[in-house]
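Reading the structure
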Amino acid sequence: MKRFSFRLENILKYRNYMEKRAQMALLDVRNEYMRRENRVKELATIRTGRIIKCRDEATRGLDVPVYKIHQAFLQKLDHDLAIAHMDLQEGKQQVKIQEKILKGESIKKRSLETLKDLQLKNYIKNLEQEDQKFMDEMVTMRKGGKA
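Scope of this entry: the structure provided in the associated data block. (Residues numbered from 1 in each chain as written. Predicted model: local features only at pLDDT ≥ 70, side-chain atom pairs only at ≥ 80, totals over all residues. Heavy atoms only, no water.)

Looking at the pattern of salt bridges
- Scanning the entire structure with this criterion turns up 9 salt bridges.
- Of the charged contacts, one joins arginine 35 and glutamate 32 as a salt bridge, the two residues approaching to 2.4 Å between their closest N and O atoms. Of the two residues, arginine 35 and glutamate 32 both sit in helix α1 (residues 9-60), 3 residues apart, roughly one turn of that helix.
- Looking at arginine 35, the relative accessible area reads 48%, which means it is partly exposed.
- As a salt-bridge pair, lysine 109 and glutamate 113 come within 3.6 Å of each other at their nearest N and O atoms. Of this pair, lysine 109 and glutamate 113 both sit in helix α2 (residues 64-146), separated by 4 residues, roughly a single helical turn.
- On the basis of relative accessible area, glutamate 113 is assigned to the partly exposed category, the value being 31%. (Salt bridge = Lys/Arg side-chain N within 4 Å of Asp/Glu carboxyl O. Helix = DSSP H or I, 4+ residues; strand = E, 2+ residues; numbered from the N terminus. Buried < 20%, exposed > 50% of the residue type's maximum accessible area, 1.4 Å probe, protein only.)

In structure tokens:
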């Protein structure tokens, strides 16, 4: 009997490739999300440090122009922090989208793998039936030849 061959093997290989590609894309998106998250933390730390520094200088006495410079810098930090938060939310959405894409690709691949497994089981079952049929014929031939 001929060897087992899955006619959709090339499609299965392609699905496997697409799943790996989706995994890599998800990894890239997650890394970008982590970078954005670190940026938000960094800006928040800088902002907190500047607020403390401004408060300390204000208690010691601070010129109005220097105070306005501190306030302008803090406003800029607040603006940058707001933008960083929006980028972070966008990154979160991109991660969710990429996770859905990966899930879809995994489902497509698993369905083909399941089909391949079913066809292999049927092939093995048919092979065992043919072997049993051959053995039965051999037994009947021996009994027929001796009788």
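Some thoughts on the nonpolar core
- In this structure, Val40, Leu43 and Val95 are the most contacted members of the largest nonpolar core, which totals 13 residues.
- For this core, the elements supplying multiple residues, two or more each, are α1 and α2.
- Ranked by the residues each element gives to this core, the list is headed by α2, at 7 residues. (Core = buried A, V, L, I, M, F, W, Y, C linked by side-chain atoms within 4.5 Å.)

So, the environment of valine 64
- With respect to the helices, strands and loops of the structure, valine 64 is situated in helix α2.
- According to the relative accessible area criterion, valine 64 is exposed, its value standing at 55%.
- Taking the C-alpha atoms as reference, valine 64 lies 87 Å from tyrosine 123; in sequence the two are 59 residues apart.

What about the packing of aromatic side chains?
- This structure, assessed with the given rule, holds 1 aromatic pair.
- Between phenylalanine 4 and tyrosine 123, the aromatic rings sit 5.5 Å apart at their centres with planes inclined by 50°, giving tilted as the arrangement. Placement of the pair is phenylalanine 4 in the segment before α1 and tyrosine 123 in helix α2, with a sequence separation of 119 residues.
- The class for phenylalanine 4 is partly exposed, based on a relative accessible area of 22%. (Phe/Tyr/Trp six-rings, centres within 6.5 Å; stacked < 30°, edge-to-face > 60°.)

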